[in-house]
Amino acid sequence: MPGFELIGEEEFLEVKSVFDDSGILFRHSFDNLRNGVFKVKDFESAFAKRMNVPYALAVTSGSAALRVALAALNIGRGDEVITQSFTFVATAEAIIESGAKPIISDIDDTLNMDPNDLEDKITKNTKAIIVVHMLGTPARLAQIKSICDKYGIPMIEDTAWGCGGFYDNIPLGTYGSIGTFSFDFAKTITTGEGGMLVFKDEKLFKKAAAWHDHGHENNPSLPRWEDSRSGSGFNYRMMELQGAIGLAQLEKLDFVVEKQRSNMNLIKSEISNLDIQFREVPTGSFETADALVFFTKNNKMAIACRESLLANGVGTKILPEAISWHFAGLWEHMPSLNKDKQYEKSLSYLNRAVSIPITVNMDEKLPSKIKKALLSVLNS
Ligand SMILES: Cc1ncc(COP(=O)(O)O)c(C=O)c1O
């Protein structure tokens, strides 16, 4: 969960330096007033370096990052984009906003995209795939990428929950064509609201950078008001205060992920003898441990676990209580989703799943509290 747990002096000093040293809150221009202070640009450079890619583009949210990624790939009317049934509504909304049709694939025991179902859903109209690393556990990237390559379809990684994770030692978000990140207040690192895209391909980066800024090409030989453009776009620019906070938060990313992983392992070892099954983590992948997800026997048992956890002062996260925002089978308000089948396979996992949020500053009594709460239900 938790960049927000660690917001403190470092973030304050970065923000203060915007006011003390520059006073310019816009990411571009005002060069004679800003004393060389470019927080968003610095955040992008630092993020690209951390993710081991040449290009990063900061935007206003993780939702915006998805929308910009689709624009960079020229996705529009008549196109289909496949994503998974278990994700936040934003993933499907971005596809709808682009004019394309969202096609939903089932998930498997990783609670991420099922590669077999993905392949079944590909048609001649499929123009992109958005795979999601839900709650910090990597999807089966190697299999999914090889299917994308087989059909020549670009893969976008929605890394909203996966910032700081790896697959085959490759940072999540950089395995496919474009990676998108969210820095909203519930994410591994946060700028309050904010997002990022990462790219290996310069052309995609340039298209995205122009599109997120009304088409501005930021031609270095022209003042901004005379700037060149070759297409229109929109405004999803990040502002300097967010960039400043991002710089401080990025420094904490590895600590957050390490701490979440060790706290999750403490809980896991406490409850591993109970009659539950942990969510599958693909071999060779490194999860961010945003949440610990396990399966019970059935939906009734999952709900009973949540009630008992709540009664013992422990919350759950998304599963089972917030499933209606995170499962495409329940998005009746989105008529363009494929409703040809009801995602039975996805439901067979989601219906009996319980997700426990992992924090950085964990109370040391939490693992035993969780065990006590679960024992009273699972033993009855
Ligand atoms: C999987 C996923 N994608 C995208 C988003 C959107 O991010 P934001 O809240 O920054 O718009 C979220 C937000 O929770 C998410 O969970």
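Summary of the structure given here. Because the structure is a prediction, the values reported are computed rather than measured.

Moving on, we come to helix 4 (residues 89–98). Because the α-helix completes a turn every 3.6 residues, residues three or four places apart line up on one side. With respect to burial, helix 4 is a largely interior element, 7 of its 10 residues being buried. By the burial criterion, the buried members of helix 4 are Val-89, Ala-90, Thr-91, Ala-92, Ala-94, Ile-95 and Ser-98. Those residues of helix 4 that are buried are in contact with helix 3 (62–72), strand 2 (80–84), strand 3 (101–105), strand 4 (126–132), strand 5 (155–158) and helix 11 (323–326). Where helix 4 ends, the next residue or the one after it, Gly-99, has phi of about 100 degrees, a positive value.

With 29 residues, the main nonpolar core has Leu-57, Leu-197 and Phe-199 as its most contacted residues. Of all the elements in the fold, those that place two or more residues in this core are strand 1 (55–59), helix 3, helix 4, strand 4, strand 9 (195–199) and helix 7 (202–211). A total of 8 residues in this core trace back to one element, the largest contributor, which is helix 3. Sequence-distant contacts of Leu-197, defined by excluding residues within four places in its chain, comprise Tyr-55, Ala-56, Leu-57, Val-59, Ala-65, Val-68, Ala-69, Ile-178, Gly-179 and Thr-180. One finds Val-293, Ile-318, Ala-328 and Ala-353 within the second-largest nonpolar core, a separate group that totals 25 residues.

As a further point, take the pattern of salt bridges. For the coordinates displayed, the defined rule picks out 21 salt bridges. We note a salt bridge from Glu-10 to Lys-252, for which the minimum N-O separation is 3.0 Å. Placement of the pair is Glu-10 in helix 1 (residues 9–21) and Lys-252 in the loop between helix 8 (240–250) and helix 9 (253–271), with a sequence separation of 242 residues. A residue is classified by how much of its surface remains accessible, and Lys-252, at 12% relative accessible area, is buried. Three or more residues joined by partner-sharing salt bridges are found here, namely Glu-10, Glu-11 and Lys-252.

Reading the values: the criteria
- Residues numbered from 1 in each chain as written.
- Predicted model: local features only at pLDDT ≥ 70, side-chain atom pairs only at ≥ 80, totals over all residues.
- Heavy atoms only, no water.
- Buried < 20%, exposed > 50% of the residue type's maximum accessible area, 1.4 Å probe, protein only.
- Helix = DSSP H or I, 4+ residues; strand = E, 2+ residues; numbered from the N terminus.
- Contact = heavy atoms within 4.5 Å.
- Core = buried A, V, L, I, M, F, W, Y, C linked by side-chain atoms within 4.5 Å.
- Salt bridge = Lys/Arg side-chain N within 4 Å of Asp/Glu carboxyl O.

Distances and angles like these do not, on their own, reveal function.
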